[in-house]
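# Secondary and tertiary structure notes
Now for the letters of each chain:
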Amino acid sequence: PTGIGVLTSGGDAQGMNAALRAVVRTALSRGVPVYAIYEGYRGMVEGGNRIRPLSWDDVGGIMHRGGTIIGTARSRTFRTREGRLQAAANLIEHGINRLVVIGGDGSLTGADTFRREWSSLLAELVETGKLSRETAARYPFLALVGLVGSIDNDFYGTDMTIGADSALHRITAAIDALVSTAASHQRTFVVEVMGRHCGYLALMGAVAGGADYVLIPENPPEPGWEDRMCALLRAGRAAGRRESIVVVAEGARDREGNPITSDYVRRVLEERLEEDARVTILGHVQRGGTPSAFDRWMSTLVGYAAVEELLSATPDSEPQLIGMRYNRITRQPLMHCVEQTQQVSAAIAAGDYQRAMELRGGSFTE
Ligand code: F6P
């Protein structure tokens, strides 16, 4: 059988290793050779020892490790046809024409472009004498399946993305830690969390950490929010609450689309409440460390399903995204999910929050 290549691309996310392990072991148990493509698309373009077969044991003892043991990188070259031509030649050299791509929307869009071009890339390799006609005929199509690796939980077509739950645990633990020092000093902490265009981590972190106020990109506050926030915090103090926590998503904006920074929130609190406020930016701590149990098992299940999907792919099958909906592993057309995801980001950027929530399948309430 032709081989399966697996790569991780874009920002790393806890659980990627569990997905990799499941892909490798499922493929091997089906008698299919499986190759790691190290450093994402960069490795695919560079070829050589960046593409290596993995054995059962190679993926032993990695489930609990954060990040991705096969590396991830951004590749400009893969965005060019020249780069993709080289990538196709490298895959064929290793007998690969099935891919599991674990990444975000950019990585998955790139994979789809590559899949669509596959025949013309091979034709060009044949024409330029880099590939024999017989070899090209053995790889008539590129089968593709996507898994979403992103702590942001910003993807249409899956209730959870790989890494989001672990990042949320990290945020919750950080808020718990801040609460004790905040309470000792009767201080307010402004906690800035990641999530690019998506407020999932901020919102769920705020609920799980019992925060007082949260600012997310999807629901920019009405003008005058500063007064309302301060009134709430003041009322909390008056009721005997010793600590206050405000969670700010890195992509938080006001109704005019201007960023609401954590430092701005701190200044507002200090000036209007006349008390100490501190900012803690959690940064990449959220993306590091051990994956949660959820990220381990979900990644394992989607990794297994990804290989099953690839093994049943035909030249006419549409590439699928393997995700989880309503607690079940699901498959949905990959490009539909990518397009919906991009439309959500565009709607948020245009200030059309109602539309963004409709696209995500949720409801919007102030
Ligand atoms: O998409 C994951 C993410 O961690 C976002 O939450 C954040 O905005 C971004 O990546 C940070 O990117 P980088 O690691 O390149 O600084």
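What counts, and where the lines are drawn
Residues numbered from 1 in each chain as written. Predicted model: local features only at pLDDT ≥ 70, side-chain atom pairs only at ≥ 80, totals over all residues. Heavy atoms only, no water. Patch = residues over 30% accessible without salt bridge, like charges linked within 9 Å, V, L, I, M, F, W, Y side chains within 5 Å. Areas by Shrake-Rupley, 256 points an atom, 1.4 Å probe, with all protein chains shown as cover. Salt bridge = Lys/Arg side-chain N within 4 Å of Asp/Glu carboxyl O. Helix = DSSP H or I, 4+ residues; strand = E, 2+ residues; numbered from the N terminus. Pairing = 2+ DSSP bridges. Axes fitted to C-alpha atoms, helices over the stretch in contact; angles between N-to-C directions. Contact = heavy atoms within 4.5 Å. Near = heavy atom within 4 Å. Polar contact = N/O pair within 3.5 Å; in protein donor to acceptor, adjacent residues only side chain to side chain. Nonpolar A, V, L, I, M, F, W, Y, C, P; charged D, E, K, R; others polar. Buried < 20%, exposed > 50% of the residue type's maximum accessible area, 1.4 Å probe, protein only. Parallel < 35°, antiparallel > 145°, perpendicular 65-115°, else oblique. Left-handed = near helix turned anticlockwise from the far one by under 90°. Expected span 1.5 Å × (residues − 1). Phe/Tyr/Trp six-rings, centres within 6.5 Å; stacked < 30°, edge-to-face > 60°. Lys NZ or Arg CZ within 6 Å of the ring centre and 35° of its normal.

### Points about a nonpolar patch on the surface
Among the surface-exposed residues, Leu 203, Met 204 and Val 207 lie close enough to one another that they form a single nonpolar patch of about 250 Å² accessible area. Inspection of the secondary structure puts Val 207 in helix α7 (residues 200–208).

### Considering the sheet that holds strand β1 (residues 3–8)
Pairing is mixed across the open sheet formed by seven strands, whose spatial order is β3-β2-β1-β4-β5-β10-β11. Edge positions in the sheet fall to β3 (51–53) and β11 (328–333), since each of these pairs with one other strand and no more. This sheet shows a mean twist of 25° between the axes of neighbouring strands, independent of strand direction. Note that strand β2 (residues 34–37) and β3 share three bridges and pair antiparallel. Bridging across to β3, Ile 37 finds its partner in Ile 51. Strands in contact with helix α4 (residues 105–127) are β4 (96–103), β5 (143–148) and β10 (320–325); relative to β4, the strand with the most contacts, it is inclined by about 165°. Along the sheet face, helix α11 (residues 334–349) touches β5, β10 and β11 and points at about 85° away from the line of β11.

### Some remarks on the pattern of salt bridges
Under the defined criterion, the tally for this structure stands at 19 salt bridges. With a closest N to O distance of 2.9 Å, Asp 12 and Arg 287 form a salt bridge. Linking Asp 12 in the loop between β1 and α1 (16–29) with Arg 287 in the loop between β9 (277–281) and α10 (293–311), this pair joins segments that are 275 residues apart in sequence. Overlapping salt bridges bring together Asp 263, Arg 266, Arg 267 and Glu 270 as one network.

### Some details on the site of the ligand
If you check the shell around the ligand, you find Arg 74, Ile 151, Asp 152, Met 194, Gly 195, Arg 196, Glu 250, His 284 and Arg 287 and nothing else. Between the ligand and the protein, one listed contact pairs an oxygen atom with a side-chain N or O atom of Asp 152 at 2.7 Å. Arg 196 is positioned such that a nitrogen or oxygen atom in its side chain is 3.1 Å from an oxygen atom of the ligand. The protein chains hide 75% of the 390 Å² of surface that the ligand would expose on its own. A per-class count over the shell around the ligand returns two nonpolar, two polar and five charged.

### Considering unusual backbone geometry
Of note, the phi angle at Asn 153 is positive, near 55°, even though the residue is not glycine. Inspection of the secondary structure assignment puts Asn 153 in the loop between β5 and α6 (164–185). Exposure remark for Asn 153: the relative accessible area of 9% places this residue in the buried category. Even without a glycine there, the phi angle at Asn 327 is positive, about 70°.

### Some details on the environment of Leu 178
Mapped onto the elements of the fold, Leu 178 is located in helix α6. Expressed as a C-alpha distance, the spacing of Leu 178 and Thr 188, which sit ten residues apart in the sequence, is 9.5 Å. Those residues in contact with Leu 178 that sit more than four places away from it in its chain are Phe 189, Val 191, Ile 245 and Thr 280.

### Some remarks on the sheet that holds strand β6 (residues 188–193)
The sheet built from four strands is open, its strands ordered β7-β8-β6-β9 with parallel pairing. Edge positions in the open sheet fall to β7 (213–215) and β9, since each of these has one partner strand only. Here the strands of the sheet are splayed against their neighbours by 20° on average, with no regard to which way each runs. Of the strand pairs in this sheet, β6 and β9 are connected by five bridges, and their pairing is parallel. Residue pairing in the sheet places Phe 189 in a bridge with Arg 278 of β9. Relative to β6, α6 is tilted by about 165°, and along the sheet it contacts β6, β8 (244–249) and β9. Strands β6, β7 and β8 of the sheet are contacted by α7, whose axis makes an angle of about 175° with β7.

### Concerning the packing of α11 against helix α12 (residues 353–360)
Two elements in contact, α11 and α12, have axes separated by 8 Å at closest approach and are oriented at 160°. In terms of axis orientation, α11 runs roughly antiparallel to α12. When the axes of α11 and α12 are compared, the crossing they make is left-handed. Seen from α11, the contacting residues are Gln 340, Gln 343, Val 344, Ala 347 and Ile 348; seen from α12, they are Tyr 353, Arg 355, Ala 356, Leu 359 and Arg 360.

### Brief notes about α1
For α1, which comprises 14 residues, the first-to-last C-alpha distance of 20 Å matches the rise-based estimate of 20 Å (1.5 Å per residue) to within 8%. For α1, a buried count of eleven out of 14 residues is recorded, marking the element as mostly surrounded by other parts of the structure. Buried positions along α1 lie against β1, β2, β4, β5 and α10. Phi turns positive, to about 80°, at Gly 31, one or two residues after α1.

### Here we look at the packing of aromatic side chains
For the coordinates displayed, the defined rule picks out five aromatic pairs. With a centroid separation of 4.1 Å and an interplanar angle of 10°, the aromatic rings of Tyr 41 and Phe 78 are classed as stacked. One end of the pair, Tyr 41, is in helix α2 (residues 40–46); the other, Phe 78, is in the loop between β3 and α3 (81–93), and 37 residues separate them in sequence. Exposure class is identical for Tyr 41 and Phe 78. Each is buried. Three or more aromatic residues joined by ring pairs make a cluster, and in this case those are Tyr 41, Phe 78, Phe 114 and Trp 118. When the ring centre of Tyr 38 is taken as origin, the NZ or CZ atom of Arg 52, which lies over that ring, is 4.1 Å away. A cation sits over an aromatic face here: Arg 325 above Tyr 156, 6.0 Å from the ring centre.

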